Structure formats: structure tokens, C-alpha cells
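# Coordinates in review
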Amino acid sequence: MVDEELKRTFAEDVVRLRRAGLYPVVVHGGGPQISRMLDRLDLEVRFEAGLRVTTPDVMDVVRMVLTGRVQRELVGLINAHGPLAVGMSGEDAHTMTAVRRAAWVDGEPVDIGLVGDIVDVDADTIRALLERGRIPVVSPVARGSDGQVYNINADLAASALAVALDAEKLLMLTDVEGVYANWPHSTDVIERLTAEGVEKLMPELASGMLPKMEGCLRAVRAGVRKAHVLDGRVPHSVLRGVASADVRGTTVVPDPVEAEADRERTEPARTGPARTEPARTAPARIDPEVRNA
């Protein structure tokens, strides 16, 4: 999402999905843009376990860049194709509620400031937009019950919304080909992982991939049928992730027992913003992201 042509084709993909009768929801990050602004303001740029250390000053920049710049740009790119996109953040209508979280480094908690984890999602506002044919574009900022505003990792925000919206698929766009089997010694991509496989792999992951796989794990264990980590540098990667049977990247699926239990609990076919037809046709919603917030 720092390449003009890729941003344009991303917007085209999202519009084509909506016009095909699907219900995409976009959750964006803005890591590179935030870091550039912090550099300009001479504020520290630091990450722990893949999460941005967020002081009150950094939080002001995060909020400004995500909702005032990145979100507006995405809304504009989508709306170049018609009045479709509506920008919002997790603060709006208390759509997402967060609590403060720590990062874990070498088994020890590390204070990373005003970074939150989603504990509740009230998706009624998003559903109302979907029912009116709109495409929600959501910035990963949320308020806590304590009144504090928190910076939410975009991967984890997307995961929480995918669960709350009963999404068929969660798509995460990043700037690598997928999850590497033996990084940095090999660039062989793991094509498919079960939830249990992700859990076992987590201690070996590079910090940038940790939130993505944590988000995928949470999603598939809470009912999302599939989660994909895709190379967003490939043009039309969103359409490929939805329409192609051969999805390049890493696909995360529920454990077999969980998947069977989910099939027994669900009806064979459902329509509308809560879920479209089963995955053999297409997913209900896609939650891409730019980079770690």
C-alpha cells in the first residue's frame, strides 16, 4: 500500500467483489506512513514482538495518520468507482472496545504503552453499512472502557471483525510471499497450516509475522472458515485470494475436529451480510491490511 499502482488495483478488486454480490470489509494499517511521520517529528520508532511501542505522543500521530490520511486515501481510491466506501474507526459507535495489552519477549511481559487488544465488537454499524451496499474502511483504533484510546494492530483488529461478522474468509496482505518454513535460512513458503500447526510455529516466527498468525489463529478458532496471508505486492492479490482455487501464500484452516463441529453447527447455505454462500462460491468478507500499525 505504498505503491500507487498496487493501491489502485487493490481498490478495483474490492469494488469488483462488492459488485459481484459479496460483502468486503477493509481493515487497514499504516505502519510505513506512521513511521515516516514519527521520523519527521523526531519521535521514537520502536517495536516489541511485532507491535509498535505507543506513547501518548505516538498515539496522537497514529490516530492522525490512520484516520486522517491512510483511511481517506483508501476511501477516495474506492469511491473513484462510485459512492461505495465509508470510512470509520473502531472508536465510531463503540464498534470495537479494547483493553491494554503487553508484548511478550523471551517469556516476559514488556510495557508497550497505549497498545490495545480487542475484547468486544459491536458490529451493528458495519452490518448496516453492508446492507446499504457500502464498503466499510476501518481504521484500527479503539477506545477502552476506561476512556483511553488505544492503538490496535491491524491484523488483530481485522481478525476480531472477521469473527464478529461471521466472515467466510480473512485475507491479510503483506510484503512477503507468505509464512516461510525456515526463515531466514529458506524462502520456502508453507502453503497450508492448521490452527494447531500455527500454534506450534509461533515461537519460531519473525516478529513482523507474529501478529498476522495470531490473528489467523484467533479467527479460524472462532469460526472463520479460512485465513490467508498473501503477498500484497502481486497485482490483484485480493481477487486471486477470493476467486482462485490455488491461493498463493499461506492458508490457515481450523483443526479437523473443529472444522467438523463447525459444519454440524451451521446451516448448509446462508445469504446476506452475515455470510454469503459457502466457500465453494466466494467469501462473505475480506479484511486486508497494509502493514503492522
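Another point: the packing of helix 1 (residues 4–19) against helix 3 (residues 56–79). To describe two helices that pack against each other, one gives the angle between their axes and the distance between the axes. Interhelical geometry of helix 1 versus helix 3 gives an angle of 60° and a closest axis separation of 8 Å. Considering the angle they form, helix 1 stands oblique to helix 3. In this structure, the crossing between helix 1 and helix 3 has a hand that is right-handed. Packed against helix 1, whose contacting residues are Glu4, Lys7, Phe10, Ala11, Val14 and Val15, the element helix 3 presents Glu73, Leu74, Leu77 and Ile78 at the interface. The class makeup of the residues in the contact of helix 1 with helix 3 is seven nonpolar, no polar and three charged.

All right, on to the sheet that holds strand 15 (residues 250–253) then. Judged by pairing direction, the sheet is mixed, and its four strands sit side by side in the order 12-14-15-13 without closing on themselves. Unpaired on one side and paired on the other, strand 12 (169–174) and strand 13 (192–194) mark the two borders of the sheet. Mean inter-strand twist for the sheet, computed between neighbouring axes without regard to direction, equals 20°. As judged from the six bridges shared by strand 12 and strand 14 (residues 226–231), these two strands associate in the parallel manner. Following the sheet pairing, Leu173 is matched in strand 14 by Leu230.

Gaps left between atoms show up when a probe the size of a water molecule is rolled over them. Size it by volume and the second largest pocket reaches roughly 500 Å³. Along the wall of the second largest pocket there are 25 residues; nearest its centre are Val176, Ala206, Ser207, Gly208 and Met209. If you tally residues by element for the lining of the second largest pocket, the top one is helix 2 (residues 31–40), at three residues.

The element strand 9 (residues 135–139) is extensively covered by neighbouring structure, given that five of its five residues are classed as buried. Side-chain alternation along strand 9 places Ile135, Val137 and Ser139 on one buried face and Pro136 and Val138 on a second face that is also buried. Pairing of strand 1 (residues 26–27) with strand 9, which is carried by two bridges, proceeds in the parallel orientation. Pairing of Val26 across the sheet is with Val137, part of strand 9. Inspection of the sheet shows strand 4 (residues 85–89) paired to strand 9 by five bridges, in the parallel sense. Opposite Ala85, over in strand 9, you have Ile135 as the bridge partner.

To continue, consider the confidence of the model for the chain. One rule of thumb: low pLDDT means the predicted coordinates there are not for detailed reading. Predicted confidence across the chain gives a mean pLDDT of 87, with 87% of residues reaching 70 or more. Below pLDDT 50 for its whole length, residues 268–272 participates in eleven contacts with residues either more than four positions away or in separate chains. A low-confidence stretch, residues 274–293 (pLDDT under 50), is modelled with 109 contacts involving residues beyond four sequence positions or located in other chains.

Rules used in this analysis
Residues numbered from 1 in each chain as written. Predicted model: local features only at pLDDT ≥ 70, side-chain atom pairs only at ≥ 80, totals over all residues. Heavy atoms only, no water. Axes fitted to C-alpha atoms, helices over the stretch in contact; angles between N-to-C directions. Helix = DSSP H or I, 4+ residues; strand = E, 2+ residues; numbered from the N terminus. Parallel < 35°, antiparallel > 145°, perpendicular 65-115°, else oblique. Left-handed = near helix turned anticlockwise from the far one by under 90°. Contact = heavy atoms within 4.5 Å. Nonpolar A, V, L, I, M, F, W, Y, C, P; charged D, E, K, R; others polar. Pairing = 2+ DSSP bridges. 1 Å grid on protein atoms, 1.4 Å probe; cavity = no way out; pocket = protein on both sides within 12 Å on 5 of 7 lines; lining within 4 Å. Points joined across faces, edges and corners; volume = space filled by probe spheres on them. Buried < 20%, exposed > 50% of the residue type's maximum accessible area, 1.4 Å probe, protein only. pLDDT = per-residue confidence, 0-100.

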